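# Examination of the molecular architecture
These are the residues of each chain, in order.
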Amino acid sequence: MTVTATVNGQPVAITVDVRRTLLDLLREDLGLTGTKKGCDHGQCGACTVFVDGRRVLSCLKLAVTTSGQAVTTVEGLGTPDVLHPLQEAFMRYDAFQCGYCTSGQLMSALAVVADESLTTRDQIREAMSGNLCRCGAYQGIVEAIIEVKARSHAAGSEDATPDAIV
Ligand code: FES
Ligand code: FES
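These numbers come from a predicted model, not from an experiment. (Residues numbered from 1 in each chain as written. Chains lettered and ligands numbered in written order. Predicted model: local features only at pLDDT ≥ 70, side-chain atom pairs only at ≥ 80, totals over all residues. Heavy atoms only, no water.)

Judged by which residues are buried, strand 1 (residues 2-7) turns out to be one-sided: V3, A5 and V7 face inward and are buried, whereas T2, T4 and T6, on the alternate face, are not. As judged from the 6 bridges shared by strand 1 and strand 2 (residues 10-15), these two strands associate in the antiparallel manner. Looking at the pairing, V3 lines up with I14 of strand 2. Between strand 1 and the antiparallel strand that follows it, strand 2, lie 2 residues; N8 among them carries a positive phi value of about 50°. As paired strands, strand 1 and strand 5 (residues 70-72) are joined by 2 bridges and run parallel to one another. Residue pairing in the sheet places T6 in a bridge with A70 of strand 5. (Buried < 20%, exposed > 50% of the residue type's maximum accessible area, 1.4 Å probe, protein only. Helix = DSSP H or I, 4+ residues; strand = E, 2+ residues; numbered from the N terminus. Pairing = 2+ DSSP bridges.)

Glancing now at the domain arrangement of the chain. If you check the domain split of the chain, you get domain 1 (2-75) and domain 2 (85-160). Averaged C-alpha coordinates put domain 1 and domain 2 at centres separated by 21 Å. Listed as interface residues are 16 residues of domain 1 and, on the opposing side, 14 residues of domain 2. Taken together, both faces of the contact between domain 1 and domain 2 bury some 1,100 Å²; the carbon and sulfur share is 57%. Broken down residue by residue, the surface that domain 1 buries against domain 2 is led by F50, R55 and V74, which jointly contribute 44%. Connecting domain 1 to domain 2 are 0 salt bridges. Between domain 1 and domain 2 we count 7 residue pairs in polar contact (both at pLDDT 80 or more) in total. With 3 residues, the single largest contributor to the side of domain 1 that touches domain 2 is strand 3 (residues 48-51). Across the side of domain 1 that touches domain 2, the residue classes break down as 5 nonpolar, 8 polar and 3 charged. (Domains from an automatic or database assignment. Contact = heavy atoms within 4.5 Å. Buried area = accessible area lost by both parts, 1.4 Å probe. Salt bridge = Lys/Arg side-chain N within 4 Å of Asp/Glu carboxyl O. Polar contact = N/O pair within 3.5 Å; in protein donor to acceptor, adjacent residues only side chain to side chain. Nonpolar A, V, L, I, M, F, W, Y, C, P; charged D, E, K, R; others polar.)

Quick look at the nonpolar core now. Core analysis: the biggest nonpolar cluster contains 26 residues, and L86, F90, V112, M128, I141 and I145 have the highest contact counts within it. Looking at this core, the elements with two or more residues in it are helix 2 (85-92), helix 3 (102-114), helix 4 (121-127) and helix 5 (138-155). Tallying contributions element by element places helix 3 first for this core, with 7 residues. (Core = buried A, V, L, I, M, F, W, Y, C linked by side-chain atoms within 4.5 Å.)

Below, the discussion takes up the pattern of salt bridges. Under the criterion given, the structure shown has 11 salt bridges. The salt bridge partner of R151 is E88, with a shortest N-O separation of 3.6 Å. On the criterion of sequence distance, the pair formed by R151 in helix 5 and E88 in helix 2 is long-range, its members being 63 residues apart. On the basis of relative accessible area, R151 is assigned to the partly exposed category, the value being 32%.

In this model, N8 sits at a positive phi of 50°, which is unusual for a non-glycine residue. Topologically, N8 is positioned in the loop between strand 1 and strand 2. Positive phi, normally seen in glycine, also occurs at D94, with a value near 50°. Within the secondary structure, D94 is located in the loop between helix 2 and helix 3.

Attention now goes to the side chain of Q105. With respect to the element layout, Q105 can be found in helix 3. The residues touching Q105, leaving out its near neighbours within four places in the chain, are F90, M128, N131, L132, C133 and I141.

As a further point, take the sheet that holds strand 3. Sheet architecture is open: 5 strands sit in the order 2-1-5-3-4, paired in mixed fashion. Two strands lie at the open edges of the sheet, namely strand 2 and strand 4 (54-57), each paired on one side alone. Averaged over neighbouring strand pairs, the angle between their axes works out to 40° when direction is ignored. Relative to strand 5, strand 3 runs antiparallel, the two sharing 2 bridges. Paired with V51 across the two strands is V71, which belongs to strand 5. Of the strands in this sheet, strand 1, strand 2, strand 3 and strand 5 touch helix 1 (residues 22-29), which is tilted by about 100° from strand 3. (Axes fitted to C-alpha atoms, helices over the stretch in contact; angles between N-to-C directions.)

This is how it looks when you write it as C-alpha cells:
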C-alpha cells in the first residue's frame, strides 16, 4: 500500500508492505536513523516519535496507519546549529552517556514538557517511565525536563513545542 504522510514537515508518498512498521519505514526507507530500534517490542521507548502531536512507539505502529498524519522524529526537533531547548538542556545536564535512548527520551520529554498537568518530579518520572536508559542517565533527564518546563511556562509553550507539533 502507499503511505501518504508528512514527515518532519515534508510530504512523503511511499509504497510499503502492509506489515512494515513505522520504525522500519523511518529508518530503512527514509534514512531517518535518529529514531532507534531497541527492543522492537514496545518495551524500551527508543523508537518514540510523534504522530499528529502524540507520542507513539513506532515499532508497534504499522506504517500504513500513518496515512494522512503528521510524523515528527528527532530530526524534526532542532538542527546541529540551532538545537531545540530540550536538546540543549540534555547536553548541559549530562542527560545521556551512549546516546542510544536519547532520541526517544527527547520525544517523550517533549510530550512531558507540553503536558501542564505534570508538575512534580514523581509525575515526570512516571510519565517518562516508558523510556529506558541502560546508562542510568535518569536524573539528568528529569532535571533537563524540569528546566525546560519552567522556561516554557514562563515564555508561553512555543519555546518547547516545535512548529510541526500541534
Ligand atoms: S524499539 Fe520500540 S519500544 Fe523498544
Ligand atoms: S544514554 Fe545510553 S541507554 Fe540511555
